Every structure is written in structure tokens, then in C-alpha cells.
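Remarks on the overall topology
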Amino acid sequence: MTNPFILLVVAKAPVPGLAKTRLCPPASPAQAAEIAAAALLDTLDAVCAVPGAAPVVAMTGDLGAAARSAEIGRALRRVTVIAQRGWDFGARLANAHADAAAVHAGLPVLQIGMDTPQVTPSSLASAAAPVVHGGQDAVLGPALDGGWWALGLADPRHAQVLAGVPMSRDDTGERTLRALTACGLRPRRTLELSDVDTMADARVVAATCPRGRFARAVAAVDGRAVA
């Protein structure tokens with residue numbers, strides 16, 4: 001029998017002009033928002049197909065103004081949605097863990113973002129496995145840019161250390177590892193992935209998941225069609 005766990009997605013409404021601005025140019029603000037929306041939708045498909053997962057999405061932003069708002073709204077009906085809260089990104093991450101744990105008390109958590117649409121149900125289950133049934137207290141999935149794409153915690157209360165970690169830096173991954181270690185955890189590294197910050201990143205990631213919405217949205221920027 002599959003052990004239950006929280007699969008927490010921290011997401012931002014893909015509003016043109018506010019979402020994925022580093023893709024512009026060559027993408028227009030509308031195209032960048034389409035790419036962000038496609039990334040979120042592909043991520044939610046994978047998350048909702050993970051055996052044993054209780055999917056929770058911590059959202060921020062105006063979904064009514066977002067690209068693909070109706071499609072995203074339908075996808076969110078399959079998950080528990082909570083609002084992000086906090087003064088900066090580190091605090092919002094810490095609070096998202098606490099709020100998800102309040103909904104599903106006593107469960108371990110694997111937290112991801114919406115910038116790795118190449119994830120699959122299998123890769124997410126593998127990333128969660130060390131804290132779900134492998135006896136580990138923490139797991140961290142490094143990103144190629146020096147950050148991280150996944151954080152697993154056997155006890156979500158330890159996510160409070162994230163409030164003191166500077167985010168969106170090339171040493172965020174190492175700083176997070178040090179913060180987890182400093183509070184007595186023994187974090188295990190899992191699969192390294194590329195997340196999507198630039199158009200070059202987007203093209204690399206799209207090549208690894210060529211059949212999804214994300215690949216089609218990226219191809220549209222280059223004037224290509226994807227089957």
C-alpha cells in the first residue's frame with residue numbers, strides 16, 4: 001500500500017507582464033504568460049497522477065487575469081488550494097508548508113514549484129520516497145542554476161528554516177542545505193533538474209517533454225508547431 005504524503009506546489013498566477021518576464025524578449029509578455037500557464041498545467045497533471053499524493057497548491061496572484069485562466073481553474077478543482085502569505089518568498093514557502101500541514105496533519109511533504117514541467121509522476125514519487133518511506137528526514141532536489149526544485153520533509157515544521165534563506169540566488173541550494181543541517185536534519189540530495197528562468201532554459205526543458213503543453217507554448221515563440 002502506498003504511504004500518503006502531501007505534494008505541495010507553490011505557484012503564481014501567469015498574468016501577462018508579471019509572469020516569466022525574463023523570457024522577454026524573444027517572448028512577448030503574452031507568450032511568456034502562456035509558457036508559465038502551460039508549465040503550471042503540465043505540472044498539475046503530473047502531481048495529480050502520483051499514487052498516494054494529497055495535492056495542495058499554494059497560489060498567489062490574480063487568476064482572473066491569467067493566461068489560460070479557465071483551464072487553470074478547472075485543473076485546480078482537483079487539488080486543495082491555499083493562499084500564499086508572507087513578506088518575502090522564503091517566508092511564503094515556510095508558511096505554505098505550515099498551511100498544507102494544517103490541512104493534512106501528520107503527513108510528510110514534498111514541495112515543488114511550477115518551473116519544472118518536465119516532472120513526471122514517477123520522478124515525483126522517487127523524489128518523495130526518502131521522506132515518505134525511506135527513513136530520511138529531508139531531501140533536496142538541486143537545480144542547475146544553483147537553486148533547488150524540490151524539498152521533501154518528514155516533518156513540515158522544519159520548513160520554517162526557509163524564512164531565513166535568501167531565495168533566487170546562485171547559492172540558494174547550498175544555503176538551504178546548510179540551514180537544514182543546522183537544525184539537525186540530514187538532507188539527502190535527489191535528482192538535479194533544470195528549471196525555467198530564461199528562454200534558453202525553456203528550450204532545453206521543452207526538449208525533454210516534447211509532447212506537453214509547455215513544449216507547444218515554447219515552440220510558438222520560435223514560430224514552430226509541435227505535434
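Residues numbered from 1 in each chain as written. Predicted model: local features only at pLDDT ≥ 70, side-chain atom pairs only at ≥ 80, totals over all residues. Heavy atoms only, no water.

Labelled according to an unreviewed UniProt entry, the protein appears under the name DUF2064 domain-containing protein, originating from Amycolatopsis nalaikhensis.

What follows deals with the nonpolar core. Residues Phe5, Leu7, Val57, Leu110, Ile112, Leu124 and Trp149 are the most contacted members of the largest nonpolar core, which totals 38 residues. Of all the secondary-structure elements, those providing two or more residues to this core are β1 (5-12), α1 (29-47), β2 (53-60), α2 (69-76), β4 (109-112), α4 (121-132) and β6 (148-153). Tallying contributions element by element places α1 first for this core, with eight residues. Counting 24 residues, the second largest nonpolar core, distinct from the first, contains Leu93, Ala138, Leu177 and Leu185. (Core = buried A, V, L, I, M, F, W, Y, C linked by side-chain atoms within 4.5 Å. Buried < 20%, exposed > 50% of the residue type's maximum accessible area, 1.4 Å probe, protein only. Helix = DSSP H or I, 4+ residues; strand = E, 2+ residues; numbered from the N terminus.)

We now examine helix α6 (residues 199-208). All of the buried residues in α6 are Met199, Ala202, Val205 and Ala206. Along the axis of α6, the buried residues cluster in a sector spanning 120 degrees; they form a single face. When the buried face of α6 is taken as reference, the exposed residues oriented beyond 90 degrees from it are Val204, Ala207 and Thr208. Its buried side turned inward, α6 meets α1 and α7 (213-221). (Arc of directions from axis to C-beta. Contact = heavy atoms within 4.5 Å.)

Glancing now at the pattern of salt bridges. Tallied over the full model, the rule gives 14 salt bridges. Residues Glu34 and Arg68 are paired through a salt bridge, measuring 3.0 Å at the closest nitrogen-oxygen approach. Note that Glu34 is positioned in helix α1 and Arg68 in the loop between β2 and α2, a separation of 34 residues in sequence. Between Asp99 and Arg85 there is a salt bridge, and its shortest N-O distance comes to 2.9 Å. One end of the pair, Asp99, is in helix α3 (residues 89-103); the other, Arg85, is in the loop between β3 (80-83) and α3, with 14 residues separating them in the sequence. Among the charged side chains, a salt-bridge network with shared partners connects Glu34, Asp42, Asp45, Arg68, Glu71, Arg78 and Arg213. (Salt bridge = Lys/Arg side-chain N within 4 Å of Asp/Glu carboxyl O.)

On to the pairing of β3, then. Bridging between β2 and β3 involves four bridges; their strand directions are parallel. Opposite Ala58, over in β3, you have Ile82 as the bridge partner. Note on the crossover from β2 through α2 to β3: the handedness is right-handed. (Pairing = 2+ DSSP bridges. Right-handed = clockwise from strand over helix to strand, strands pointing away.)

For the pair α6 and α7, the least separation of the axes is 9 Å and the interaxial angle reads 135 degrees. Between α6 and α7, the interaxial angle falls into the category oblique. You can see that α6 and α7 cross each other, and the crossing is left-handed. In this structure, α6 uses Met199, Ala202, Arg203, Val205 and Ala206 to contact α7, whose residues at the interface are Phe214, Ala215, Val218 and Val221. (Axes fitted to C-alpha atoms, helices over the stretch in contact; angles between N-to-C directions. Parallel < 35°, antiparallel > 145°, perpendicular 65-115°, else oblique. Left-handed = near helix turned anticlockwise from the far one by under 90°.)

This brings us to the packing of α1 against α2. The relative placement of two packed helices is expressed as an angle between their axes plus a distance between the axes. Viewed as axis vectors pointing N to C, α1 and α2 meet at an angle of 20 degrees, and their least axial separation amounts to 10 Å. Between α1 and α2, the interaxial angle falls into the category roughly parallel. Crossing of α1 over α2 shows left-handed handedness. Counted together, Ala37, Leu40, Leu41 and Leu44 of α1 and Glu71, Ile72, Ala75 and Leu76 of α2 form the full contact between these two elements. Residues that form the contact of α1 with α2 fall into these classes: seven nonpolar, no polar and one charged. (Nonpolar A, V, L, I, M, F, W, Y, C, P; charged D, E, K, R; others polar.)

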